[in-house]
Amino acid sequence: MLYGREAETDRIDRLLAEARQGRSGVLVLRGPAGIGKSALLELAAREAAATGMRTLRGVGIESETELVFAALHQLLRPGLDRLGRLPAPQADALAGAFGLAGATAADRFLVGLGALTLLSELAGDGPLLCLVDDAQWLDRSSADALMFAARRLEAEGVALILATRDGGHAFRPAGLPELPLGGLGPADAATLLSETAGALAPHVRDRVLAESEGNPLALIELPAALTPEQRIGHIAPLAYHPGPLPLTERMQEVFQAQIQALPEPTRTLLLVAAAESTGDPGVVLAAARRLGVGTEAVEPAERAGLIRVDGQLAFRHPLIRAAAYQGEPFTTRLAAHRALAATLTEATTGLDAGPGAGPRADARAWHLAAACTGPDEAVAAELERAAERARRRSGLAATAAAYQRAAQLSPGQRDQVRRLISAAEAAMDAGQLQRSRTLADSSALLTGDPRERARLAGVRAAIEFEQGSPRAAHGILVTAAEPVAATDPVMAASLLTEAVRDAWFAGAPDLAGQAVERLHALDLPAGHPLRPVISALTGLAALLAGDPERGLPPIHAALAAARRFPPTAPGERLIIASMAFMVGDDETSLDLAARLADDCRNQGLVGWLPHALQNLASSQLYLGRFQEAGVSATEAVRIAEDTGQDHRVDHLQGVLAWLAAVSGDEETCERLTGAVRAHAIDHGNVSSLAWAVWAQGLLALGQGRTRAALDHLETGLDGAVRHQLSTTLFVPDLVEAAVRSGEPERAEAPLARFGRWAAASGQPWARAVALRCRALTAASEEEAEARYAEAVGLHLSGGRPFEEARTRLLFGERLRRNRRKAEARIHLRQALDVFERAGATPWAARARAELRASGETAPGARLPGAAGLLTAQELQIVRLAARGDTNRDIGARLFLSPRTVGYHLHKAFPKLGVASRTELARLDLGG
């Protein structure tokens, strides 16, 4: 019976009931050691068994925190026979992560997607309960994968409960529901003590209640540690330790006292089991035999209730494991690790050969390291091999840990530095930025080699970009590039290329120009692939400096070269897509971004997908496909949040704010721009900030608050934000706001800027918008009409339909005021149609009002089409289902479980008035 936990058990009961009804849920139990988390997990397991629910169990183990996917493998091992039913990239990623097949360095988040799909597959047999204890000790790779899966559980019938306490280093369940556990109340604590402690003198009972602080484990174990004399108060109670101790340490001492009362062979066996961590009886007993201990040593520990053996050798409580290990002398612990390493050596034939050999070899390397008392190159080399195996299995945190320990064991300083730098790079890639910074700082103290310091600069700059400012990151890179420019120009070029990117995000043309000047001074080999990149970056720096005439031609040239020789790496493809955006070539940008997004999905490149979707959403936005842009950006935000890409989240929220502005959704626009401003200003990310400025200005303009729009947009022309291309693109909004506010002079300089970019871009739509702006500021009616007419003609060449509709709206307004109503209606009807199709509600209302003023009875607001009835996620799923994709195909593409896909289709069908997938083909779903 659990005393005082009625609210907690009710919460768990609801979670299990929902899983039985096909809905998934997650709950994180948080509290100190002994507070009852494990008891609640056991309660959940018993209730699940009583109703026929299958249960999977995993546990985080402190000594396994540096192993790759150890906890996830333990949790999913009973279901690995279903791997063949997963999409091939996910199955391969899981098999590689668990050492069941060759690993190929898959995207680390693809393992989490594979875990999600496997859980969904297992839940197909009935509701599924997953229990994870001691989550604070999950290895980082397992924690990342589990959290990625947990945030996507929706309609699979999976209940996931994780128990954790403060401490550890990997588990950060941000965004998941938590249930904190405190001590029992006085009445419940007293009842539990009476039920379990037996006879105690009153003052001893009071002392136990006070010392236990309502902790159930302490209420049970503290009395059990008392001698008969102490129980009746003849000797001071709890005298086993003088003075105060934190409760966790006090409990550990209680368990150590119980262990010390056991025979020496049993203590040795418990030590080996605690060091081995996985609970494999074969490994534990074989290692114990090397220390002269036989199987008979197991029984006393079982009889004392410290362990249970049921297929695995498991400690009753994590504190017992800690007591068994830490209570033994240092030399005895070394001997246990040596015995385990020798046992694993026999179990591993060819360190990288055969299923499971890699994980065994990793464990062997760590046991050898634990047995070292000083530098040892042979063990350091084994750990380095373990680091590379971890990298191939997408375990970047484990890679960093293995390199770091290898560095500590390296006798030679050069090997030590090399391994420390590799550890810093891996930690950075794993998102462990503080750890990476510490490792980089340690490396820097040991080396003056320019190439090594250049590698460290790359690490430090990446950390600075994420946690500090792009401007500071630029300075780190430029400083480090100079010493290697003569001896290793390729490395210098790589650093300086990143420096230009940082300057772009910082809105610093002087810094971009400085980096480009140094790039040109490098003596790169003829034909090196970085040469055309440098040319394009030269154009980027000029564009950032406000010189489109000099900046856009080399970007056009780079685009042309990319069409002839398309790049293959995701990063290079993103750069080319961004270049298309810079010259206003939306169709090319859309094509490049769409193909890259598809490849990211097909290859499981989860980390790259938010950036690809960001480019795709921007291209869709510019091409007037606002609903599609919202779908792409919404999906990208979700993935970017799960993968810790904060700058990407900022930019995408800016795009969503712009879409909210054009639709007239003031509440959403203000919420998103507030979030973008708060983070982007702190981090000097002016690229994202520019989108927030644009969105607020566009919102005010659509609402007719032209003076507010003008004031908002003018703020984007001050400071570092003014150098962003987005601020050039919102100039037409500023011009309209200035003219309608009666202050056209405030638009003169910005309009000149936009006109120069439009002419250099070579895009008909851009020249058309420039003409529209000139028409707004024209000195005569004749000049205005001529420019509007020319602009409409250029718009017919295609590109940016929303801009064409705005040109026609303004032209129609002008014609109506000049009493040429029949001509005005032609343009106003076309503008209204575009605005309504795009969901640009304020602009449609304005066009409808103009039509009525021209004497035409304007139609009422268009009812939403089929696509407008669905959420962004439902629309994505329905479109894919309409083209014939299966639930499994759709889930793999959208990083959802197949059962969640089916759930969303089930919700969408009634909204669309259809009963089956075959009927979807007849609907207009856009896209």
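The preceding data block contains the structure.
Calculation criteria
Counting restarts for each chain, with residues numbered from 1 along the sequence as it is written. The predicted nature of this model means local features are confined to residues of pLDDT at least 70 and side-chain atom pairs, given and counted, to a pLDDT of 80 or more, with totals for whole chains, interfaces and linings taken over all residues. Water and hydrogen atoms play no part in the side-chain values, which are based on all heavy atoms of the structure. Working definition: helices are DSSP H or I runs of at least four residues, strands are E runs of at least two. Numbering for both runs from the N terminus. Radius of gyration: over C-alpha atoms. The globule rule applied is 2.2 Å multiplied by the number of residues raised to the 0.38 power. Throughout this description, buried means an accessible area under 20% of the type-specific maximum (1.4 Å probe, protein chains only), exposed means over 50%, and partly exposed covers the range between. Contact definition: two residues touch when any of their heavy atoms are within 4.5 Å. All accessible areas in this document rest on Shrake-Rupley with a 1.4 Å probe, and a residue is counted as covered only by the protein chains that are shown. Two residue types count as positive, namely Lys and Arg, and two as negative, namely Asp and Glu; His and chain ends fall outside the count. Just so you know, the charge point we use is NZ for Lys, CZ for Arg, CG for Asp and CD for Glu. Simply put, an axis is a line fit to the C-alpha atoms, just over the touching stretch for a helix, and the angle between two N-to-C directions goes from 0 to 180 degrees. What sets the label is the angle itself: under 35 degrees gives roughly parallel, over 145 gives roughly antiparallel, 65 to 115 gives roughly perpendicular, and the rest give oblique. Pairing between strands is defined by DSSP: at least two bridges between them are needed. We call a set of buried Ala, Val, Leu, Ile, Met, Phe, Trp, Tyr and Cys residues a nonpolar core when their side-chain atoms join them within 4.5 Å. A carboxyl oxygen of Asp or Glu within 4 Å of a side-chain nitrogen of Lys or Arg is what we treat as a salt bridge. Classification of ring pairs uses Phe, Tyr and Trp, with its six-membered ring standing for Trp, and accepts pairs whose centres are within 6.5 Å; under 30 degrees between planes counts as stacked, over 60 as edge-to-face, and the remaining range as tilted. Consider the ring centre and the ring normal. A charge sits over the ring if Lys NZ or Arg CZ is within 6 Å of that centre and within 35 degrees of that normal.

A separate point is the overall build of the protein chain. Looking only at helices and strands, one finds 46 helices and seven strands in the protein chain. The globule rule puts the C-alpha radius of gyration for 927 residues at 30 Å, and the 33 Å found for the protein chain is close to it. Residues counted as buried form 57% of the 927 residues belonging to the protein chain. The contacts in the protein chain between residues at least 6 apart in sequence include a share of 68% that link residues at least 24 apart. Surface exposure of the protein chain reaches about 35900 Å², of which carbon and sulfur atoms provide 53%. Computed over 100 positive and 109 negative side-chain charges, the separation of the two mean positions in the protein chain equals 3 Å.

So, on to the side chain of E221. With respect to the element layout, E221 can be found in helix α9 (residues 216-224). Discounting chain neighbours no more than four positions away, the residues touching E221 are M251, V254, F255, Q258 and R316.

Secondary-structure assignment places A457 in helix α22 (residues 450-467). Discounting chain neighbours no more than four positions away, the residues touching A457 are I476, L477 and A480.

This paragraph deals with the packing of helix α32 (residues 646-663) against helix α34 (residues 686-702). At a closest axis distance of 8 Å, the pairing of α32 and α34 adopts a crossing angle of 10°. Taken together, the axes of α32 and α34 lie roughly parallel to each other. Seen from α32, the contacting residues are H647, D650, H651, G654, V655, A657, W658, A661 and V662; seen from α34, they are S687, S688, W691, W694, A695, L698 and L699.

With that settled, consider the sheet that holds strand β5 (residues 178-180). Spatially, β2-β3-β4-β1-β5 is the arrangement adopted by the five strands of the open sheet, whose pairing is parallel. Of all strands in the sheet, those with a lone pairing partner are β2 (54-59) and β5, marking the two edges. The sheet shows a mean angle of 15° between the axes of neighbouring strands, taken without regard to direction. When strand β3 (residues 128-133) meets strand β4 (residues 158-164), the two strands line up parallel, connected through five bridges. Bridged to V132 within β4 is L162.

Among soluble globular proteins, nonpolar side chains are generally buried collectively. Within the largest apolar cluster, 182 residues are counted, with the highest numbers of intra-cluster contacts made by L76, W658, W757 and F835. Among the elements that make up this core, the one with the highest residue count is helix α24 (residues 489-506) (11 residues). Ignoring anything within four residues of it in the chain, the contact list for W658 reads L621, F626, W691, W694, A695, L698 and F802. Counting 50 residues, the second largest nonpolar core, distinct from the first, contains V208, A218, F255 and A274.

Applying the stated criterion across every chain, the model contains 60 salt bridges. Note that D599 and R573 form a salt bridge whose closest N and O atoms lie 2.9 Å from each other. Of the two residues, D599 sits in helix α29 (residues 586-603) while R573 sits in helix α28 (residues 570-582), which places them 26 residues apart along the sequence. Relative accessible area serves as the criterion here: at 18%, R573 is assigned to the buried category. In this structure, the salt-bridge partner of R595 is D591, at a minimum N-O distance of 2.8 Å. Taken together, the residues R595 and D591, both in helix α29 and four residues apart, mark about one turn of the helix. By relative accessible area, which is 44% here, R595 ends up partly exposed. Ionic contacts of the salt-bridge type, sharing partners, join the residues D733, E736, R740, R806, E813 and R846 into one network.

A few words on the pairing of β4. Most of β4 is tucked away: seven of the seven residues are buried. Side chains V158, L160, L162 and T164 of β4 all project onto a buried face; the interleaved residues A159, I161 and A163 project onto the opposite face, where all are buried too. Where strand β1 (residues 25-30) meets β4, six bridges bridge the pair, whose relative direction is parallel. If you follow G25 over to β4, its bridge partner there is A159.

Once that is clear, we can look at the packing of aromatic side chains. Any two aromatic rings considered together are summarised by their centre-to-centre distance and by the angle between their planes. The final tally for this structure, using the stated rule, is 15 aromatic pairs. Note on W658 and W694: the rings are 5.8 Å apart at their centroids and 80° apart in plane angle, and the pair reads as edge-to-face. Placement of the pair is W658 in helix α32 and W694 in helix α34, with a sequence separation of 36 residues. Note on W694: relative accessible area 3%, which makes it buried. Taking the relative accessible area as the measure of exposure, W658 reaches 4% and is therefore buried. Positioned above the aromatic ring of F465 is the side chain of R501, whose terminal nitrogen or guanidinium carbon lies 4.3 Å from the ring centre.

What follows covers the side chain of S761. One can find S761 in helix α38 (residues 748-761). Judged by its relative accessible area of 2%, S761 is buried. Apart from residues no more than four positions distant in its own chain, S761 is found in contact with L552, H556, V583 and A766.

Phi at D134 is positive, roughly 50°, even though this residue is not glycine. Within the secondary structure, D134 sits in the loop between β3 and α6 (140-150). Judged by its relative accessible area of 6%, D134 is buried. A positive phi angle, close to 50°, is found at R800, a residue other than glycine. Here R800 is to be found in the loop between α40 (781-795) and α41 (801-817). A residue is classified by how much of its surface remains accessible, and R800, at 4% relative accessible area, is buried.

Within the fold, G58 resides in strand β2. Owing to a relative accessible area of 11%, G58 belongs among the buried residues under this scheme. Sequence separation between G58 and L75 is 17 residues; the distance between their C-alpha atoms is 4.4 Å. Contact partners of G58, with chain neighbours within four places excluded, come to Q74, L75, L131, V132 and D133.

Turning next to the environment of V655. Locating V655 in the fold gives a position in helix α32. In this structure the C-alpha to C-alpha distance between V655 and A881, which are 226 residues apart in sequence, comes to 27 Å.

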